[in-house]
Protein chains: 2
Amino acid sequence: MAVRLKDIARDLGVSTVTVSKVLRNRKDVGEKTRQRVLKRMEELQYKPNLIARALISGRTANVGLVVPDLLHPYFGEVAKSLGAVLREHDRALILASSEDDPELEQREIRTLINRGVDLLLISSCQRRLEGIFKVGEKQTPILLVDRTFPLLDANFVGSDDFKIGEIATLHLLETGRKCIAHIGASHLSTGHERMRGYSETLRRNNATVPQEYVLMHERFEETGIEAGRKAIQKLLKLNPRPDAIFCYNDLTAVGAIEAVLEAGLRVPEDIAIVGCGNFRYAQYLRVPLTSVDQSTEQIGRTAGEEVIRLLDDPESASRSTLIEPHLRVRESSWKPA
Amino acid sequence: MAVRLKDIARDLGVSTVTVSKVLRNRKDVGEKTRQRVLKRMEELQYKPNLIARALISGRTANVGLVVPDLLHPYFGEVAKSLGAVLREHDRALILASSEDDPELEQREIRTLINRGVDLLLISSCQRRLEGIFKVGEKQTPILLVDRTFPLLDANFVGSDDFKIGEIATLHLLETGRKCIAHIGASHLSTGHERMRGYSETLRRNNATVPQEYVLMHERFEETGIEAGRKAIQKLLKLNPRPDAIFCYNDLTAVGAIEAVLEAGLRVPEDIAIVGCGNFRYAQYLRVPLTSVDQSTEQIGRTAGEEVIRLLDDPESASRSTLIEPHLRVRESSWKPA
């Protein structure tokens, strides 16, 4: 006969609540008791049937996260701090990658929902909102991360992307740049807002540039470095040559720096470059990179707290939380005199 | 009443097998049929009860992976290609991070097993083998990835770490270095074998160095850059000063390069540096990094194939698969004349 929780409790003279707490790795159980319970579980080869429990409660305690790229430092950092919050609340994170492919994203969403997740976090690569909601998953609550959709009343945690464009561009203007180009990302809310922040700031400061100084690309996550390289080849043909470039993200900026140096120009003397994301290696690059820090750790933590809130109260009103960005100035845009 | 698979099949005049295939995202169903089935599922708000199915079959189709650090490029790359293979076989990957903490690792293993995984992949940070098997999970098959334990007859996929130490050291000897130091990782099979490959190669070439030229550190993944920096401070005090350093991994090498440059020395002219992992940004660093490429994509793919094999035949004999490393020479160890 299968060993039950209460058999273990009775054997040890503790309550079933205590045994259950040990099982869920709760910290409010003394270490000695924990060890006794674990020892007895092992002796009896107890295997808790969380699958059966999920069937009865309709909840799996699993939360899904779909990101465009597991290798992109941004999503790794968000997943890490998000996972830490969920762990504190006895929930597991199931990760999936869409490889920046809208169709694969739909499949992954469907797979996660079919397997049973109580909530789904999505950094979507869909071009349109309808893409996400195509597959009948309306019953599962969704929290959008990093990217949202225009006019959507959704649960969202991400950056203030308009402000990212604003502070990057303002910094370049303040350090004396006159002709600031932008390598951006089309079809993404992040890309659209960063571009708007950039354009608005140029306009307010009477520093607008012709349209050909703004290059918008698709599918940035995977191919960011290559996209940065290619954009530079186009920008260097313009007259006048831009003296600064605000790049959609750090990978694009890495490619941009490489291509500028290969063309025999200097960074930042000839062309200043600013990225976004302040990724782990920004300061160790050939030219240390000025970047807008998005506080990815805080984005992940906030997303985790929102997950807990939504699971506790699925009927609560949608909430959009924007995390404040900060500029980190390094050599790629500024050299001490 | 709940909608059943066969209701959908009957409505559309197709077999239940076909509907089931669409549900599992199988590719051997025509696109037109797929769309019809999906449309009908949506109309009927069909929600497949994979949880119930798991309860009946005893299998969840979930596979767990515990890594020491989600942010470390090595584990991100392995998870990515592993996930792709599992997806092809209708299996989901549940990721967990131990944050390089043996106790947290045990908790994560227990949580995954309690939630129901058919197999567990572990890149363990335990100091001893017993740590892994403490919590009664003997019934779940385990595949070790990247790190194994001495004398263990386990399923394992990783690098030939002895050879990593060998080719890195041989390269430094061949480029004329006389006094080669090592910054290594203690308590890990990878660190132990890389160090052995290094020492053996020095011995065979009559180039052994005193013991103080070998610095072994714990907990490398998270603090790699800092560990590299600190080790350099010790190594620069030695007489004679080392003219080359083989670093356990790329992050350590990044910290080492920074510290050497800060001390006013040149890389590679004064001190050559070789890392391991050939991470995504190796070529974009201040000094482009020579590194041993572990073919992480192949490690992940092979691990995925091993998972499928073990699930198909749990009684099969243990197998250890070592992936061949390759050296990528860049400026940190060699400058064209």
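Note that the structure is a prediction, hence the values are computed from the model and not measured. (Residues numbered from 1 in each chain as written. Chains lettered and ligands numbered in written order. Predicted model: local features only at pLDDT ≥ 70, side-chain atom pairs only at ≥ 80, totals over all residues. Heavy atoms only, no water.)

### Some points on the packing of helix H1 (residues 5-12) of chain A against helix H3 (residues 31-44) of chain A
Residues and elements named next belong to chain A.
Item 1. Contact geometry of H1 with H3 gives a least axis separation of 10 Å together with a crossing angle of 120°. Considering the angle they form, H1 stands oblique to H3. The hand of the H1/H3 crossing is right-handed. Two secondary-structure elements touch here, H1 through Ile-8, Asp-11 and Leu-12 and H3 through Arg-36, Val-37, Arg-40, Met-41 and Leu-44.
Item 2. Here the residues of the contact of H1 with H3 are counted per class, giving five nonpolar, no polar and three charged. (Axes fitted to C-alpha atoms, helices over the stretch in contact; angles between N-to-C directions. Helix = DSSP H or I, 4+ residues; strand = E, 2+ residues; numbered from the N terminus. Parallel < 35°, antiparallel > 145°, perpendicular 65-115°, else oblique. Left-handed = near helix turned anticlockwise from the far one by under 90°. Contact = heavy atoms within 4.5 Å. Nonpolar A, V, L, I, M, F, W, Y, C, P; charged D, E, K, R; others polar.)

### Re the pattern of salt bridges
Item 1. Counted according to the given criterion, the structure contains 48 salt bridges over all chains.
Item 2. Between Arg-280 of chain A and Asp-69 of chain B there is a salt bridge, and its shortest N-O distance comes to 3.8 Å. In this pair, Arg-280 of chain A is assigned in the loop between strand S9 (272-276) and strand S10 (290-293) and Asp-69 of chain B in the loop between strand S1 (62-67) and helix H5 (73-88), connecting two distinct chains.
Item 3. Residue Arg-280 of chain A is classed as partly exposed on the basis of its relative accessible area, which comes to 23%.
Item 4. With a relative accessible area of 0%, Asp-69 of chain B lands in the buried category.
Item 5. Between Asp-293 of chain B and Arg-328 of chain B there is a salt bridge, with the nearest N and O atoms lying 3.7 Å from each other. Of this pair, Asp-293 of chain B sits in strand S10 (residues 290-293) while Arg-328 of chain B sits in strand S12 (residues 326-328); the two residues are 35 residues apart in sequence, bridging distant segments of the chain. (Salt bridge = Lys/Arg side-chain N within 4 Å of Asp/Glu carboxyl O. Buried < 20%, exposed > 50% of the residue type's maximum accessible area, 1.4 Å probe, protein only.)

### Concerning helix H11 (residues 296-312) of chain B
Item 1. Between its first and last C-alpha atoms H11 of chain B spans 24 Å; for 17 residues at 1.5 Å apiece the expected length is 24 Å, and the two agree.
Item 2. When H11 of chain B is considered as a whole, its buried residues turn out to be Thr-296, Ile-299, Gly-300, Thr-302, Ala-303, Gly-304, Glu-306, Val-307, Ile-308, Leu-310 and Leu-311 of chain B. (Expected span 1.5 Å × (residues − 1).)

### Concerning the sheet that holds S10 of chain B
All names here are of chain B.
Item 1. On the basis of which strands lie adjacent, the open sheet formed by six strands has the order S7-S6-S8-S9-S10-S12 and mixed pairing. Only two strands of the sheet have a single partner each, and these edge strands are strand S7 (214-217) and S12. Geometrically, the sheet is characterised by an average inter-axis angle of 20° between neighbouring strands, direction not taken into account.
Item 2. Direction of pairing for strand S9 (residues 272-276) relative to S10: parallel, over a ladder of three bridges. (Pairing = 2+ DSSP bridges.)

### Looking at the packing of aromatic side chains
Residues and elements named next belong to chain A.
Item 1. Enumeration according to the criterion identifies nine aromatic pairs over all chains in this entry.
Item 2. With a centroid separation of 5.8 Å and an interplanar angle of 75°, the aromatic rings of Phe-279 and Tyr-281 are classed as edge-to-face. Tyr-281 matches Phe-279 in its accessibility class, with the two residues each being buried.
Item 3. The class for Tyr-281 is buried, based on a relative accessible area of 3%. (Phe/Tyr/Trp six-rings, centres within 6.5 Å; stacked < 30°, edge-to-face > 60°.)

### Overview of the nonpolar core
Item 1. The biggest cluster of nonpolar side chains holds 94 residues, and the ones touching the most others in it are Ile-183, Ile-245 and Ile-273 of chain A together with Ile-183, Ile-245 and Ile-273 of chain B.
Item 2. If we skip the residues at most four places from it in the chain, Ile-245 of chain A touches Leu-172, Ala-181, Ile-183, Ile-232, Leu-235, Ile-271, Ala-272, Ile-273 and Val-274 of chain A.
Item 3. One finds Val-78, Leu-82, Leu-93 and Leu-95 of chain B within the second-largest nonpolar core, a separate group that totals 48 residues. (Core = buried A, V, L, I, M, F, W, Y, C linked by side-chain atoms within 4.5 Å.)

Limitation: the analysis is restricted to geometry and does not speak to function.
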